[in-house]
Amino acid sequence: ESERLRLPPWLKTSIPTGSKFGALKEQLRSMKLSTVCEEARCPNIGECWSGGKNGTSTATIMLMGDTCTRGCMFCSVKTSRAPPPLDPDEPVNTAKAIHEWGVGYIVLTSVDRDDLPDGGSAHFAETVRQIKIQSKEILVECLSPDFRGDRACIATVAASGLDVFAHNIETVERLTPFVRDKRAGYRQTLKVLSTAKEINPDLLTKSSIMLGLGETDQQVEQTMKDLKSAGVDCVTLGQYMQPTKRHLKVHEYVTPTKFKQWEEYGNQLGFLYTASGPLVRSSYRAGEFFIASLLR
Ligand code: SF4
Ligand code: SF4
């Protein structure tokens, strides 16, 4: 067994604060809305919640419970073959809370629900509709499950009125079987992304890659090219962090300089935007980047 790698200085962070950040945090306390940003103690919370240059704040919330039917080797969400049933009031209650809260760009993510006949796609779509009814101006991104590639489920989400359809490829093709649950797949993910675009060409599509799992540069290049060929508009790259000792080890801490090179490579390939950095997560400053890419 190899020793665990030391944490490099660029990953030692403190959670920043700001006035807008403080206001949003204060408001959240009075509502029954829990964010992934706070629960995961995400170091980007100051940047995301303040919305940067154009002030479009971003937050992420998780739908469909806290228990996943899958067990990916990089993810610390708990697993069960039969998670509790969906809360039928979740779409409307979520929409109300988000409206009160007043965030600019909301990322809806979820566990995978292979136990449900439609994978939870109708629930996901209903949440988007309710949010758009309550808050006309808000931008909505769905960080969607793969629904095992089921076209009808993908269509349900892709036609729900959302602005951005995201689904993460997570890693290069060769490492996929060791990193993601057996039911996920590299080719399946590409197909899910191209299908969403085909069903609704107005959507922006987006995907995310974790680095530091033992992938080669050539494999990362190939993955980015494959995403581009699947019509994906935006890509994000970040460092894989081992959540617990039972999860996959970090193979390498990729340097900030290297991440910068991937950002340049993404720009060369012609993505609308490429966010790449050690702490970048799929939802990192998503609203700010979305607006900035429209203004370009
Ligand atoms: Fe929240 Fe995602 Fe930003 Fe982290 S990166 S603060 S989880 S929106
Ligand atoms: Fe985690 Fe998503 Fe994999 Fe479930 S499907 S274990 S939530 S990464």
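Because the structure is a prediction, the values reported are computed rather than measured.

Procedures and definitions
Residues numbered from 1 in each chain as written. Chains lettered and ligands numbered in written order. Predicted model: local features only at pLDDT ≥ 70, side-chain atom pairs only at ≥ 80, totals over all residues. Heavy atoms only, no water. Buried < 20%, exposed > 50% of the residue type's maximum accessible area, 1.4 Å probe, protein only. Helix = DSSP H or I, 4+ residues; strand = E, 2+ residues; numbered from the N terminus. Pairing = 2+ DSSP bridges. Axes fitted to C-alpha atoms, helices over the stretch in contact; angles between N-to-C directions. Contact = heavy atoms within 4.5 Å.

Asks: Before we move on, can you summarise the pairing of strand β1 (residues 58-63) with the specific residues and values?
Replies: Summarising burial for β1: five of the six residues are buried, a large majority. Bridging between β1 and strand β4 (residues 105-110) involves six bridges; their strand directions are parallel. Directly across from Thr-58, in β4, lies its bridge partner Tyr-105.

Asks: Lay out the sheet that holds β1 in plain terms, naming residues and giving numbers.
Replies: Here we have seven strands laid out as an open sheet, ordered β1-β4-β5-β6-β7-β8-β9, and parallel in their pairing. The open sheet is flanked by β1 and β9 (273-276), the only strands paired with a single partner. Going across the sheet, the axis of each strand differs from the next one's by a mean of 20°, ignoring polarity. With four bridges joining them, strand β8 (residues 234-239) and β9 adopt parallel strand pairing. In the strand pairing of β9, Thr-236 is matched with Ala-275. Running over the sheet, helix α9 (residues 217-229) touches β7 (204-211), β8 and β9 and is turned about 170° from β7.

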